[in-house]
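# Structural features, examined
The chain contents come next:
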Amino acid sequence: MTDELIQQAARLLRDSRQPSVLTGSGVSRESGIPTFRDALEGLWEQYDPRQLATAPAFQANPKLVWDFYTMRREKAVAVKPNTGHEALAKLEQHFGELPIITQNIDDLHEQAGSTHVIHLHGILNQNKCFYDCQGEPTLIDISKLEYDTKAGPPGCPHCGRWIRPNVVWFGEMLPPEALAECKRIVHTTDVMLVIGTSGVVYPAAHMPYEAKLNGATLIEVNPHESAITPAADLWLPYPSGEAMPRVLAALTTLDRTNSRNV
Ligand code: BV8
Ligand code: ZN
């Protein structure tokens, strides 16, 4: 990991007035959560997550899709934030404000201490009525329901129809309030850290381009080239769990040097 790239990122952040972050599943990879493109393991290896993360797939086989999310919930309970999540939470303390737009449905950013997290694709640990029968979204706390966990999704206590995870499936609209918040951020941010996303799922993948159009500088952190890399002003080709703590340390040193020189 060359220090020069880390130093460049630290200098861009030092001079930033309104930094922001966009994360994808790569930021949770070092916590042990597979990315969307990682092959699923065990009995799930025959499935492609993108084929399961749709309403038609759920309607065709509610138990299969419900079990897919139950498996992911059980995995998510066992994992902890990694050093990349923790560095982002410390960056928020450094700046006082650091909005994180995430495509991830885990809550590892929150567990690490980030307080301004916008979940574009929903939240794995929340459930709702498939028909939002009491309004959008009709959230349901399934821990209060009596149901056979082996029999697929429980019934909505209001209308008796399916309960589903409160996540955004392919072909579904993103939560309007999350989108509105993103619109505000991409029009005001001057440096956007783009971490751990392949940049292929829209409209989330559009955010860095929109920010750049509005004058922001893009710093990408991803060990592999992504669809966003060509638009990035600086690419740190490293895992976020290694790069982000180094960027944070370099920024802290720059600040200390600056304050000595005033
Ligand atoms: C919408 C929640 C409009 C569920 C997710 C053509 C046909 C059909 C549809 C479309 C189409 N073209 C565009 C669309 C729309 C579609 C889309 O974009 N499809 C893509 C596949 C082309 N989008 C939608 O459907 C969206 N809705 O457009 O609605 C509409 C209009 C009118 C009426 C109705 C609707 C909704 C999309 C949301 C889908 N839900 N998640 C769940 O999680 O189960 S998406 C899901 O996949 C994730 O949330 C994430 O967004 C995406 C995966 O992307 P990444 O996070 O980037 O993960 P990936 O594995 O791809 O990459 C990981 C990266 O990390 C890699 O680059 C890797 O190198 C890197 N990495 C690995 N290790 C590390 C690392 N980086 C750093 N450190 C490491 N250690
Ligand atoms: Zn209902």
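Here the structure is a predicted model, which is why all the values come from computation and not from measurement.

The antiparallel open sheet is built from three strands, whose spatial order is β5-β4-β6. Taken across any chain shown, the strands that pair with only one partner, and hence form the sheet edges, are β5 (139–140) and β6 (163–167). Where strand β4 (residues 122–129) lies against β6, four bridges are found, and the strand directions are antiparallel. Note that in β6 the partner of K128 across the bridge is R164. Docked against the sheet, helix α4 (residues 62–78) engages β4 and β6, running at close to 140° with respect to β4.

Before going further, it helps to spend a moment on the site of ligand 1. Around ligand 1 there are 33 residues in total, and Y69, R72, G171, S198 and Y202 lie nearest to it. Between G26 and ligand 1, the recorded distance is 3.5 Å, taken from a backbone N or O atom to a nitrogen atom. Protein burial of ligand 1: of its 1500 Å² of free accessible surface, 73% is covered by the chains. Of the residues contributing to the shell around ligand 1, the split by class is 15 nonpolar, 13 polar and five charged.

The next subject is the coordination of the zinc ion (ligand 2). Looking at the zinc ion (ligand 2), the protein donor atoms are C129 (SG), C133 (SG), C156 (SG) and C159 (SG), and they sit 2.2 to 2.4 Å from it. Every donor counted, the four donor atoms about the zinc ion (ligand 2) form angles of 102 to 113° at the centre, which fits tetrahedral coordination.

On inspection of all chains with the given rule, the structure shows twelve salt bridges. One salt bridge in this structure joins D48 and R50, with 3.7 Å as the shortest N-O distance. What makes R50 partly exposed here is its relative accessible area of 36%. R164 serves as the salt-bridge partner of E172, at 2.7 Å between the closest nitrogen and oxygen. Among the residues examined, R164 registers a relative accessible area of 3% and is labelled buried.

All right, on to the packing of helix α1 (residues 3–14) against helix α9 (residues 240–261) then. It is at 8 Å that the axes of α1 and α9 come closest, and there the two elements cross at 60°. Judged by the angle between their axes, α1 and α9 are oblique. Of the two possible hands of crossing, α1 and α9 adopt the one that is right-handed. Within the contact between the two elements, α1 uses D3, I6, Q7, A9, A10, R11, L13 and R14 and α9 uses A243, R246, V247, A250, L251, L254, D255 and N258.

Another aspect to go through is empty space enclosed by the protein. Counting across every chain of the model gives one cavity of 30 Å³ or more. What the largest cavity holds in volume is close to 30 Å³. Residue lining of the largest cavity: A76, D106, D107, L108, Q111, L124 and N125, and that is the complete set. Secondary structure elements with two or more residues in the lining of the largest cavity: α6 (108–112) and β4. A class-by-class count of the residues in the lining of the largest cavity yields three nonpolar, two polar and two charged.

What counts, and at which threshold
Along each chain, residues carry numbers from 1 onward, in the same order as the chain's sequence is written. To read the labels, note that chains go from A and ligands from 1, taken in the order they are written. Only residues with pLDDT of 70 or above have their local features reported here, since the model is predicted, and side-chain atom pairs are shown and tallied only from 80 upward, although totals for entire chains, interfaces and linings are computed over all residues. Heavy atoms from the whole structure form the basis of all side-chain values; hydrogens and water molecules are not counted. Two strands are said to pair when DSSP picks up at least two bridges between them. Only DSSP runs of H or I reaching four residues or more are called helices, and only runs of E reaching two or more are called strands; each is numbered from the N terminus. The contact definition used throughout considers only heavy atoms, calling two residues in contact when any of these lie within 4.5 Å. Axis lines are fitted through C-alpha atoms, for helices just across the contact stretch, and the angle between N-to-C directions can take any value from 0 to 180 degrees. Residues are labelled near a given molecule or strand when at least one of their non-hydrogen atoms is within 4 Å of it. Whenever two N or O atoms come within 3.5 Å, that pair is a polar contact, provided that in protein one can donate a hydrogen and the other can accept it, and provided that, for residues adjacent in sequence, both atoms are side-chain atoms. Surface accessibility follows the Shrake-Rupley procedure with a 1.4 Å probe radius. Residue values consider only the protein chains on display as shielding. When residue character is reported, Ala, Val, Leu, Ile, Met, Phe, Trp, Tyr, Cys and Pro are called nonpolar, Asp, Glu, Lys and Arg charged, and the others, Gly included, polar. Here the term donor refers to an N, O or S atom within 2.8 Å of the metal (or 3.2 Å for Na, K and Ca), and because water is left out of the atoms, sites may appear incomplete. A four-donor site is called tetrahedral if each angle lies between 85 and 135 degrees; a four-donor site is square planar, and a six-donor site octahedral, when trans pairs exceed 155 degrees and the remaining angles lie between 65 and 115; all other cases are labelled irregular. Should a side-chain nitrogen of Lys or Arg be within 4 Å of a carboxyl oxygen of Asp or Glu, the pair is scored as a salt bridge. Three labels apply to residues, based on accessible area from a 1.4 Å probe with only protein chains included: buried if under 20% of the type maximum, exposed if over 50%, partly exposed otherwise in between. Convention used here: angles under 35 degrees read as roughly parallel, angles over 145 as roughly antiparallel, angles from 65 to 115 as roughly perpendicular, and any remaining angle as oblique. The handedness criterion is simple: a crossing whose near helix is rotated anticlockwise from the far helix by less than a right angle is left-handed, and one whose near helix is rotated clockwise is right-handed. The way it works is a 1 Å grid over only the protein atoms, where trapped points that fit a 1.4 Å probe form a cavity and open points with protein on both sides within 12 Å along at least five of seven lines form a pocket, and then any residue with an atom within 4 Å of a point lines it. Grid points are joined across faces, edges and corners, and a volume is the space filled by probe spheres set on the points.

Distances and angles like these do not, on their own, reveal function.
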